[in-house]
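# Analysis of the macromolecular model
For reference, the chains in residue letters:
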Protein chains: 2
Amino acid sequence: MSDRGYGYIILLEERIRRDGIVKKGDILKVDSFLNHQMDCALFVEMGKEWARLYADCGVNKILTIEASGIGMASVAALEFGCPVVFAKKSLSSNMSGDFWESSVHSYTHNVDRTVLVSKEFLGKGDRVLIIDDFLATGSALLGLVELVRQSGAELVGCGIAIEKVYQEGGSTLRSKGVRVESLARIASMDEEGGIVFC
Amino acid sequence: MSDRGYGYIILLEERIRRDGIVKKGDILKVDSFLNHQMDCALFVEMGKEWARLYADCGVNKILTIEASGIGMASVAALEFGCPVVFAKKSLSSNMSGDFWESSVHSYTHNVDRTVLVSKEFLGKGDRVLIIDDFLATGSALLGLVELVRQSGAELVGCGIAIEKVYQEGGSTLRSKGVRVESLARIASMDEEGGIVFC
């Protein structure tokens, strides 16, 4: 386990404690500051922490997935000085060429989706940091890891805002040798008891 | 017409000239730096220019729409020191409560979509700048303008990266009294002749 910036962890955890809402069905609503309304100044601090954790790893590309990951990845990219590529959930008429493709199950929409990244923007020579807002079952992250594998790029690791440690995603990824750094790690949560951090 | 930062316009126009690709069907592909792979350092410069154009307008919220607008809006928000809200194209199971809703026609996917913003995050007292990557027919922007109108918030204006001036969106919006500031304004384009800026 990497050393973490104590000040930062408190900042995000306090924010989750103050503004996060636990709802039925294991849902943590953080849409007032993370994934509908976005506090981009908070994203700067998150970006600094990921940049500290992945310093000297030679990250030259950040990969995320539409839509909730894009804001934090874009702001974090300023700390890394590299571009962001976001995986798309559908093909549109202005997309052409060849794509890396994998399948992701969305629990919030209850569908399987193909996610795509143009082969132009991910390939050999890229050292990739994956950034996303949540890690729970790990489905989205495993899909992104698969895109990196197909492309021949090097996966440096994952930077996650909130990990539900009691779900299997984190251990699945780590057991595959993927480095995962989550800024807030939730041990348990429920509607009455609130949120317990690791 | 507002004064514009000459240096900036050259920066974006040169980038479009260098990396943009004109394709059949009036398509300008800018996915190597704007809306699939994203050059977030460029977004910083775009954010500075919008902040200069909308200085002293009291902007306290930026509104955009998933997915392509989110990166530039999030980085621009750092210049304004305000949060971003992005309109969603579908309801997911972790969304609840009341929403402002409007309809947007997507030409790239050829479907009408309901777009939603939670009533919690847009309302009276907000002074809103809408940010998006493209203005052509204006369908997405008109949908966002309608969300602002419903909410009772004040619309300060729109900040657009690329306007296709030969399409009707810009004049439709301006004729409704909406201030629109587009950083690169395309007078015409075709596969052979390339891109002509205003």
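Scroll up to find the structure.
Residues numbered from 1 in each chain as written. Chains lettered and ligands numbered in written order. Predicted model: local features only at pLDDT ≥ 70, side-chain atom pairs only at ≥ 80, totals over all residues. Heavy atoms only, no water.

## Thoughts on the overall build of chain A
For clarity, the threshold we go by: For helices the rule is a DSSP run of H or I covering at least 4 residues; for strands it is a run of E covering at least 2, with both sets numbered from the N terminus onward. Each residue is assigned to one of three classes by its accessible area relative to the maximum for its type, calculated with a 1.4 Å probe on protein chains only: buried under 20%, partly exposed between the two thresholds, exposed over 50%. For this analysis, residues touch if any pair of their heavy atoms sits within 4.5 Å. Surface accessibility in these figures is a Shrake-Rupley result with a 1.4 Å probe; residues are shielded only by whichever protein chains are displayed. Here the positive residues are Lys and Arg and the negative ones are Asp and Glu; neither His nor the chain ends is included. Think of each charge as sitting on NZ of Lys, CZ of Arg, CG of Asp or CD of Glu.
Assigned secondary structure in chain A consists of five helices and 11 strands. On the principal axes, the C-alpha backbone points of chain A span a range of 50 × 40 × 30 Å. A buried classification covers 58% of the 198 residues belonging to chain A. Restricting the contact set of chain A to residue pairs at least 6 apart, pairs at least 24 apart contribute 61%. Of the roughly 7900 Å² that chain A leaves accessible, carbon and sulfur atoms contribute 47%. Counting 22 positive and 27 negative side-chain charges, chain A places the averaged centre of each group 1 Å from the other.

## A few points about the pattern of salt bridges
The cut-off we apply is this: For this document, the term salt bridge refers to a Lys or Arg side-chain nitrogen within 4 Å of an Asp or Glu carboxyl oxygen.
Tallied over the full model, the rule gives 26 salt bridges over all chains. Residue Glu163(A) is joined to Arg185(A) by a salt bridge in which the shortest nitrogen-to-oxygen separation is 3.4 Å. Placement of Glu163(A) in strand β9 (residues 154-164) and of Arg185(A) in strand β10 (residues 180-190) is noted, with a sequence separation of 22 residues between them. Each member of the pair Glu163(A) and Arg185(A) is classed as buried. As a salt-bridge pair, Arg174(B) and Glu163(B) come within 2.9 Å of each other at their nearest N and O atoms. Here Arg174(B), found in helix α5 (residues 169-175), pairs with Glu163(B), found in strand β9 (residues 154-164); they are 11 residues apart in sequence, far enough to count as distant. With a relative accessible area of 29%, Arg174(B) lands in the partly exposed category. Each of Arg15(A), Arg18(A), Asp19(A) and Asp39(A) takes part in salt bridges that share partners, so that together they form one network.

## Some words on the relation of the copies chain B and chain A
Worth spelling out the cut-off: Superposition of the copies was done by least squares, using only C-alpha atoms of residues whose pLDDT is at least 70 in both.
When chain B is fitted onto chain A, the two copies agree to an RMSD of 0.0 Å after a turn of 180 degrees and an axial shift of 0.0 Å. Taken together, the turn and the small shift mark the pair as related by a two-fold rotation axis. A share of 100% of the interface residues of chain B reappears at the interface of chain A, consistent with the copies meeting face to face through the same patch.

## Description of the nonpolar core
Filter applied, for reference: For our purposes a nonpolar core is just a set of buried Ala, Val, Leu, Ile, Met, Phe, Trp, Tyr and Cys residues, chained together by side-chain atoms within 4.5 Å.
With 85 residues, the main nonpolar core has Leu34(A), Ile62(A), Leu28(B), Leu34(B), Ile62(B) and Ile162(B) as its most contacted residues. Not counting chain neighbours up to four residues away, the residues in contact with Ile162(B) comprise Ile16(B), Leu28(B), Val30(B), Leu34(B), Asp133(B), Phe134(B), Leu135(B), Ala184(B) and Ile186(B).

## Topic: the packing of helix α2 (residues 40-53) of chain A against helix α3 (residues 68-80) of chain B
As a reminder of what qualifies: Where helices are involved, their axes are fitted lines through C-alpha atoms of the stretch in contact, as for all axes, and angles between N-to-C directions lie from 0 to 180°. We call two directions roughly parallel when the angle between them is under 35 degrees, roughly antiparallel when it is over 145, roughly perpendicular when it lies between 65 and 115, and oblique otherwise. When residues are grouped by polarity, Ala, Val, Leu, Ile, Met, Phe, Trp, Tyr, Cys and Pro land in nonpolar, Asp, Glu, Lys and Arg in charged, and all others, Gly among them, in polar.
With their axes 9 Å apart at the nearest point, α2(A) and α3(B) run at an angle of 105 degrees to one another. With respect to each other, α2(A) and α3(B) are oriented roughly perpendicular. Across the interface between the two elements, Cys40(A), Ala41(A) and Val44(A) from α2(A) touch Ser74(B), Ala77(B) and Leu78(B) from α3(B). For the contact of α2(A) with α3(B), the per-class residue count stands at five nonpolar, one polar and no charged.

## So, the interface of chain B and chain A
As a reminder of what qualifies: Here the quantity called buried area is the accessible surface, traced with a 1.4 Å probe, that two parts lose on coming together, added over both. Should DSSP find at least two bridges between two strands, the strands are taken to pair.
Facing the 41 residues of chain B at the interface are 41 residues of chain A. In this assembly, chain B packs against chain A so that about 3400 Å² is buried in total across both faces, 61% of it on carbon and sulfur atoms. If you sort the residues of chain B by the area they bury against chain A, His36(B), Gln37(B) and Phe121(B) come out on top, with a joint share of 20%. Joining chain B to chain A, the criterion identifies zero salt bridges. When residues of the side of chain B that touches chain A are traced back to their parent elements, those giving at least two are β2 (27-29), β3 (37-38), α2 (40-53), α3, β5 (84-87) and β7 (111-118) of chain B. Ranked by the residues each element gives to the side of chain B that touches chain A, the list is headed by α3(B), at seven residues. Split by residue class, the side of chain B that touches chain A holds 20 nonpolar, 15 polar and six charged. Bridging between strand β3 (residues 37-38) of chain A and β5(B) involves two bridges; their strand directions are antiparallel. Bridge pairing in β5(B) places Gln37(A) opposite Val85(B).

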